[in-house]
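Understanding the architecture of this molecule
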Amino acid sequence: MIEPFVLRALAAAIGLALVAAPLGCIVVWQRMAYFGETMAQASLLGVALALALRVDVTVGALLVAALAAGLITLLGRQMLFPVDAGLGLLNHVYLAIGVIALGLLKGPPVDLVGYLFGDILSVTTRDLLWIYGGGALVLGLLWYFWPSLLSLSLNEELAAAEGVATDRVRTAFTFLLAITIAAAIKIVGILLVIAFLIVPAVAARPLSSTPESMVGLTALVAVVGSALGIAASLWLDLPGGPAIVLAMALLAATSIALSARLASS
C-alpha cells in the first residue's frame, strides 16, 4: 500500500507539471531562463519575510517574486547596461539578501536546504490546495492569453503590428510565472524551480512539430520525470527535488540523442 505522503508528493508533482508545461515552453521560446531564475532567487526573500511575519510561505514568495518581476521589467527599459548584466546583478543580490534575512530570523533554526532544494515528500494537503488552486488560475489565464503569447514568442515586432498589447501580455505572463514559482518552491526548491520549467521543454522541443504538441509532450516529460525522481528519492534515499530534475535531464538527453539519430538516418 502506498503511503499517503507519497500520494501527496505524486499529486503535487503532477499538478505542477501540468501548469509548468506551457509556461516552460514560453520561457524557452522567449529565452527568459535568466529572467525566471532571478524571480526565483528573489522569492527566497519572500520566504524570510513570511516566516518573520508568520504568514504562509507561498504568499510571501509570491508577493516578492511579483515585485521582483516588476523591477526586472523596469530594468529592461533602461539603456545604461545590458539587461542580462542587470539580471546577473539582481540574481546574486536577491539570493544573498534572502540567505542573510533567513539567518537573522529569531526562533527555531530555518531549514535553508529545504527551501533551496525542496522537500516534495513533506508536501501537505494545504500545499496541494495552493498548487491546484493557483494552477487552475494560471491555466485559465494562459488559455486567455495564449494566442497573444504565441504571437509574441514568434515575433514581437509583428505581434505589436498586429495589435497585440505586448506590455500587458508580458506583464500578465510574469505574474503567472511568479505564481508558479511560489507554488513550486516546496517541491523542487528555489535553486531548481526554473530547471523544472525548462528541462521538460528542452526535452520536448526536438520531437515536437507544433507549439501545442510541444506543450503536451513537455507535460508528459514533467510527469514521468517527477514520478521517476520520487521513486529514486524513496529507493535510493536521494533529495527529492534534485532527483526529479536529474530524472528530467536524463529524459532530455534521451530525447536529444534520439532526435539527432533520426536526423542523421
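The rules behind the values
- Residues numbered from 1 in each chain as written.
- Predicted model: local features only at pLDDT ≥ 70, side-chain atom pairs only at ≥ 80, totals over all residues.
- Heavy atoms only, no water.
- Helix = DSSP H or I, 4+ residues; strand = E, 2+ residues; numbered from the N terminus.
- Rg over C-alpha atoms; globule rule 2.2 N^0.38 Å.
- 1 Å grid on protein atoms, 1.4 Å probe; cavity = no way out; pocket = protein on both sides within 12 Å on 5 of 7 lines; lining within 4 Å.
- Points joined across faces, edges and corners; volume = space filled by probe spheres on them.
- Nonpolar A, V, L, I, M, F, W, Y, C, P; charged D, E, K, R; others polar.
- Contact = heavy atoms within 4.5 Å.
- Patch = residues over 30% accessible without salt bridge, like charges linked within 9 Å, V, L, I, M, F, W, Y side chains within 5 Å.
- Areas by Shrake-Rupley, 256 points an atom, 1.4 Å probe, with all protein chains shown as cover.
- Salt bridge = Lys/Arg side-chain N within 4 Å of Asp/Glu carboxyl O.
- Buried < 20%, exposed > 50% of the residue type's maximum accessible area, 1.4 Å probe, protein only.
- Phe/Tyr/Trp six-rings, centres within 6.5 Å; stacked < 30°, edge-to-face > 60°.
- Axes fitted to C-alpha atoms, helices over the stretch in contact; angles between N-to-C directions.
- Parallel < 35°, antiparallel > 145°, perpendicular 65-115°, else oblique.
- Left-handed = near helix turned anticlockwise from the far one by under 90°.

**Description of the overall build of the protein**
When helices and strands are tallied, the protein shows 11 helices and 0 strands. Counting from the amino terminus, helix and strand elements in the protein follow one another as α-α-α-α-α-α-α-α-α-α-α. Here the C-alpha radius of gyration of the protein, 18 Å, is about what a compact globule of 265 residues would show, namely 18 Å. Taken along its principal axes, the extent of the C-alpha atoms in the protein is 55 × 50 × 30 Å.

**Considerations on empty space enclosed by the protein**
Any empty space left between the atoms is revealed when a probe the size of a water molecule rolls over them. Applying the stated criterion to the full structure yields 1 cavity of 30 Å³ or more. Of the pockets and cavities examined, the largest cavity occupies roughly 60 Å³. Lining the largest cavity are G15, L16, V19, W130, I131, G134, G135, V138, I179, T180 and A183. The biggest single contributor to the lining of the largest cavity is helix 6 (residues 125-154), with 5 residues. In the lining of the largest cavity, the residues fall into 7 nonpolar, 4 polar and no charged.

**Side note on the side chain of S43**
Locating S43 in the fold gives a position in helix 2 (residues 33-53). If near-sequence neighbours (up to four positions away) are discounted, S43 is found in contact with A61, A65, I181, I185 and I190.

**Some details on a nonpolar patch on the surface**
On the surface, F5, L234, W235, L236 and L238 cluster together into a nonpolar patch covering about 540 Å² of accessible area. Looking at which element gives the most residues to the nonpolar patch, the answer is helix 10 (residues 211-236), with 3 residues. When you line up the elements, W235 lands in helix 10. On the basis of relative accessible area, W235 is assigned to the exposed category, the value being 73%.

**Here we look at the packing of aromatic side chains**
Inspection of every chain in the model, using the stated rule, returns 2 aromatic pairs. Ring plane angle 85° and centroid distance 5.0 Å describe the contact between Y144 and F145, whose orientation is recorded as edge-to-face.

**Focus on the packing of helix 9 (residues 193-204) against helix 10**
Taken N-terminus to C-terminus, the directions of helix 9 and helix 10 make an angle of 120°; their axes are 8 Å apart at the nearest point. Classified by the interaxial angle, the pair formed by helix 9 and helix 10 is oblique. In terms of crossing hand, the pair formed by helix 9 and helix 10 is right-handed. Between helix 9 and helix 10, the contacting residues are F196, P200, A201, A203 and A204 on the first element and M214, L217, T218, V221, A222 and S226 on the second. A per-class count over the contact of helix 9 with helix 10 returns 9 nonpolar, 2 polar and no charged.

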